[in-house]
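# Examination of the molecular architecture
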Amino acid sequence: EMVDLDPDTAKTFITGLHSVCASIRNAPVPVIARIQGYCLGGGLEVAAACDMRVATDDAKFGMPEVRVGIPSVIEAALLPTLIGWGRTRELLYTGATIDAAEALTYGLVEKVVPARQIDSAVEIWLGGIAVSGPRAIRAQKELIRRWEALPLSEAIAAGVETFSRAYESDEPRTLMRAFIDRKRT
């Protein structure tokens, strides 16, 4: 599809892909990328837009756009936060492909597992999220997104405000009481 783009259709095309990534980043709940096989270009940008990433040990990652005459754009801008500026430059300038083990050492993924264990790895994360307060999870995701754009002092102030707002519902009291009253085995 991209081979026949012109400047106007290129802008429409890339804006559409950005809309997909923005929807993931702006979802009010955590989004987990479950990565098997090749995760290249736009696929890696979609994965970078997710809150957490788990990959199979045979997954491959890269941003090969420069090799076909275009720069990596849109959510590639998330890569420096995930993997640092040097590694971002390396991937974007060379179009290199890295394996899952290297992606893990880079911080591009949080977990690498054999293919047969990927569903259970996702389930473990989902279980941890599911037992948490739904309002707290939504507030945490919103706060993390705010932290990405704020200087440290403003990020801390936003955290104080978010903590205070948590008590607008009964969720903290209910979950803390259940924690305190739990049976210890």
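Each remark here, short or long, concerns the structure printed above.
Everything quoted here is computed from the prediction, not taken from an experiment. (Residues numbered from 1 in each chain as written. Predicted model: local features only at pLDDT ≥ 70, side-chain atom pairs only at ≥ 80, totals over all residues. Heavy atoms only, no water.)

### Considering the overall build of the protein
- Assigned secondary structure in the protein consists of 9 helices and 6 strands.
- On the principal axes, the C-alpha backbone points of the protein span a range of 60 × 40 × 30 Å.
- Going through the 185 residues of the protein one by one, you find that 31% of them count as buried.
- Within the protein, contacts between residues separated by at least 24 positions form 61% of all contacts whose residues are at least 6 apart in sequence.
- Roughly 11400 Å² of accessible area belongs to the protein as shown, and the carbon and sulfur atoms make up 60% of that amount.
- Taken together, the 21 basic and 24 acidic charged side chains of the protein have centroids lying 9 Å from each other. (Helix = DSSP H or I, 4+ residues; strand = E, 2+ residues; numbered from the N terminus. Buried < 20%, exposed > 50% of the residue type's maximum accessible area, 1.4 Å probe, protein only. Contact = heavy atoms within 4.5 Å. Areas by Shrake-Rupley, 256 points an atom, 1.4 Å probe, with all protein chains shown as cover. Lys, Arg positive; Asp, Glu negative; His and termini not counted. Charge placed at Lys NZ, Arg CZ, Asp CG, Glu CD.)

### Re the pairing of strand β3 (residues 52-56)
- Most of β3 is tucked away, with 4 of its 5 residues classed as buried.
- Both strand β1 (residues 32-35) and β3 contribute to a ladder of 4 bridges, which runs parallel. Within β3, the position partnered with R34 by the bridge is V54.
- Here β3 pairs with strand β6 (residues 111-113) via 3 bridges, running parallel. Pairing of T56 across the sheet is with V113, part of β6. (Pairing = 2+ DSSP bridges.)

### Quick notes on the sheet that holds strand β5 (residues 97-99)
- The mixed open sheet is built from 3 strands, whose spatial order is β2-β4-β5. Both edges of this open sheet fall to β2 (38-40) and β5, since each of them pairs with a single strand only. Across the sheet, the mean angle separating the axes of adjacent strands is 20 degrees when strand polarity is ignored.
- As paired strands, β2 and strand β4 (residues 60-62) are joined by 3 bridges and run parallel to one another. The partner of L40 across the bridge, within β4, is G62.
- Sheet contacts for helix α2 (residues 42-49): β2 and β4; angle to β2, the most-contacted strand, approximately 90 degrees. (Axes fitted to C-alpha atoms, helices over the stretch in contact; angles between N-to-C directions.)

### Some words on the sheet that holds β1
- Across the sheet, 3 strands lie side by side as β1-β3-β6; this open sheet has parallel pairing. Looking at the sheet topology across the chains shown, the edges are occupied by β1 and β6. When the angles between neighbouring strand axes are averaged without regard to direction, this sheet yields 20 degrees.
- Along the sheet face, helix α6 (residues 118-130) touches β1, β3 and β6 and points at about 160 degrees away from the line of β3.

### Section: the packing of helix α7 (residues 134-149) against helix α8 (residues 152-166)
- Between α7 and α8, the shortest axis-to-axis distance is 10 Å and the interhelical angle comes to 165 degrees. Judged by the inter-axis angle, α7 sits roughly antiparallel to α8. You can see that α7 and α8 cross each other, and the crossing is right-handed. From α7, R135, A139, E142, L143, R146 and W147 reach across to α8, where they touch A155, A158, G159, T162 and R165.
- Looking at the contact of α7 with α8 residue by residue, the class counts come to 5 nonpolar, 2 polar and 4 charged. (Parallel < 35°, antiparallel > 145°, perpendicular 65-115°, else oblique. Left-handed = near helix turned anticlockwise from the far one by under 90°. Nonpolar A, V, L, I, M, F, W, Y, C, P; charged D, E, K, R; others polar.)

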